[in-house]
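One-letter residues, chain by chain:
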Amino acid sequence: MALFTPLRRWQPAFRPFGRLPVGWRLLAFVERAVKGPLFGCRMCGNCLLQETAFICHMACPKGIRNGPCGGVKNGYCYVDPTRKCAWYLIYERSERMHREKKLLEVLPPVDWDRAGGETWAEVIRKVREAGPGNIFLPSRRRGMSMGAVLEEKVFRPIRQPDWWQGDAEYHPPAVDGPQSELEKELRSGRFVITTEVMPPLGAATDRLTEKINLVKPYVTAINFTDGSSAVSRMSSAACSAVAVSLGAEPVMQISARDNNRNSLQSQAIGANALGVRNILCLSGDSPRVGLKPRGNLNIIDVDSVQMLWILRRMRDEGVYLDGREIKNRPRLFLGAAAAPLLQKPELQVLRDMKKVNAGAQFLQTNLVFDPDSLDPWLESLRREGVPERAFVLIGVSPLKSLRLARYLNDNIPGVTIPDRTMRRLADAGDGFAEESIRITVENIRRLREKSGVHGVHIMPLGWESAVPRIIEQAMA
Ligand code: SF4
C-alpha cells in the first residue's frame, strides 16, 4: 500500500507504447520509483494528484477519473467490497483539506499516447515556455502568488490539454429551443413522468412493441437500459429506434462500461439520425456483477461525466473530441443518473453539480421509497441552484414481491426501504399487489409537493402492466 494513497493498487503501472528516447525512459523510471511507493501511481501520463487530494484515483477498479460511481456502499467499493472506494476517500480527504471545490473540475480521460511515460519533463517544458522569471518572481505579477501563477501557467495547461479544456463552470446549452419532446414537457413546468422498459433478451420485437404501446399514452418518455447489471440484451439504441418508429419518445441510455470515446460519439450521431434526442450517460455496472465468464474489468475509457462533456460539445460547439467539425450537429437533451441517498448529501451534490456543469440537463435518481428522506439532498441542490439548471426526476418503483423488496434493500447501494413500508407489504397477504401500487401512488403524490422535483421516473422492474394504473391514480 502506498504512503499517501491508502489503497492497494490492483493493477500494475502502465508501460509506454513504443520505445522512448533514453532520457525520457530514465525520467519515467525515476518517476515510477518515487510516485509508486508514495501514491500507488500507475503512470497514467496525466497526473491529477493535486485535484484528488493526493490519492491516486487510478486505484478505482473502474478507472473512473470523475468519481465516484453509484456503487459505493458505506464507503466501500461494490466491485470489490474488501476495498474502500477510492473516490470516497478522495472526497473525505478533500473535505478535511477544504479542497472539495477542486472536485468540480471536469477532468480529462487518459491520453493513451502519454500513458506509461513521464510527466515531470512536461512541467519543465511549461515552466520554460512561461519564462522562469514570470513564475519564480511573483511580485512581478501583481496580486498573484507563485502558487497561483504555477497553476495558471504550468499545472492547468498540463492537466487540461487543448483537446479537452475542462473546467468547473456551468455551461448553459448553446442551442435555441427544446431539443426533444421530453425537454419541451419539462420546460413547460408540468410534473413529468417517465418510465423504463427492459430491452428483450431475444431478437423479436413483439413483446417490446407491446410494452411500449402499453405505457406510451401515460408517460412523456421511455428509458431503455444499456446492458444493466452487465448482462447482454437488445441494445438501448435498437430499442430506442423501435420506440421512435412507434411514435414514442425514447431516452437512450449509454453506459461507459461498453463504450470508448469513439463508439460513444458514433452512437450519439447514429441514434440522433434515427430520431433519438434524449441520451442518459451512465458509468454502467461493473462486469464483476454480471454473468460468467467475467469480462474485462479494467475498461472504462471515458466516465459518465466525460461522456456528458464530449456530447455537450458535439451539440453546442459542433466538434468531435479530436477537433473535427460536425457539419450537422446532433440535437441532444442530455441526462445523468443521481444517487441522492448513497452518501453524505453534500458530497452527492458536488457530484451532481459536476454532472450538470459537464452537460447534464436532467437527473434521474435511483429508487427512492421514502420521499422525505430526500429533503437534505434537495435542500443542498436548491442551495447550489441545481434545479434551475437541470430537471430532477425521482426514481420510484412498485415492488412486485417481498423477496424483491428485501433484495433491493439489502444489496443495492443507495436504496433503502423503510421498515414501515416493509411491514405494510408483509402484512398485505393476498392484497400485496394492491398495497404495493398504493404505496407507489402515495410516494408520487408526496414527491409532487416537493420543491425542486420536476417529475418521477417509474422503474417497474418487469411489472410494466402496473404503470398505467399507478399514473392514473397518482395524477388524479
Ligand atoms: S468502482 Fe465505484 S465504488 Fe468502486 S472505487 Fe471506483 S468509484 Fe468507488
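Criteria and cut-off values
Residues numbered from 1 in each chain as written. Predicted model: local features only at pLDDT ≥ 70, side-chain atom pairs only at ≥ 80, totals over all residues. Helix = DSSP H or I, 4+ residues; strand = E, 2+ residues; numbered from the N terminus. Rg over C-alpha atoms; globule rule 2.2 N^0.38 Å. Buried ≥ 20, exposed ≤ 12 C-beta atoms within 10 Å, placed from the backbone. Contact = placed C-beta atoms within 7 Å. Near = placed C-beta within 6 Å. Nonpolar A, V, L, I, M, F, W, Y, C, P; charged D, E, K, R; others polar. Domains from an automatic or database assignment. Arc of directions from axis to C-beta. Axes fitted to C-alpha atoms, helices over the stretch in contact; angles between N-to-C directions. Parallel < 35°, antiparallel > 145°, perpendicular 65-115°, else oblique. Left-handed = near helix turned anticlockwise from the far one by under 90°.

Focus: the overall build of the protein chain
Regarding its fold elements, the protein chain presents 17 helices and eight strands. For a compact globule of 476 residues, the expected C-alpha radius of gyration is about 23 Å, and the protein chain comes in at 23 Å, within 12% of that figure. Along the longest, intermediate and shortest principal axes, the C-alpha atoms of the protein chain span 75 × 50 × 50 Å. With 476 residues in all, the protein chain has 43% of them scored as buried. Sequence separation of 24 or more characterises 76% of the internal contacts of the protein chain that already satisfy a separation of 6 or more.

Section: the site of the ligand
Around the ligand sit 15 residues in total, of which Cys60, Pro68, Cys69, Cys77 and Cys85 are the nearest. Its residues assigned to classes, the shell around the ligand comprises twelve nonpolar, two polar and one charged.

Examining the domain arrangement of the protein chain
Along its sequence, the protein chain is organised into domain 1 (22–104 + 112–159) and domain 2 (181–474). Each of domain 1 and domain 2 has a C-alpha centre, and these two points are 32 Å apart. Across the contact, 18 residues belong to domain 1 and 21 residues belong to domain 2.

Structural notes on helix 7 (residues 206–215)
Every buried residue of helix 7 is listed here: Leu208, Lys211, Ile212 and Val215. Looking down the long axis of helix 7, one finds its buried residues gathered within 100° of arc, a one-sided arrangement. The outward face of helix 7, more than 90 degrees from its buried face, is lined by the exposed residues Asp206, Glu210 and Asn213.

Observations concerning the environment of Leu367
In this structure, Leu367 sits in strand 6 (residues 362–367). Leu367 sits 236 residues away from Gly131 along the chain, and the two C-alpha atoms are 54 Å apart. Beyond its immediate chain neighbours, meaning those up to four positions away, Leu367 contacts Gly395, Val396, Ser397, Leu408, Val415 and Met459.

Re the packing of helix 7 against helix 8 (residues 236–245)
Taken N-terminus to C-terminus, the directions of helix 7 and helix 8 make an angle of 55°; their axes are 10 Å apart at the nearest point. As judged from the angle between their axes, helix 7 and helix 8 are oblique. Here helix 7 runs over helix 8; the crossing is right-handed. Contacts between helix 7 and helix 8 involve Leu208, Thr209 and Ile212 from the first element and Cys239, Val242 and Ala243 from the second. Tallied by class, residues from the contact of helix 7 with helix 8 come to five nonpolar, one polar and no charged.

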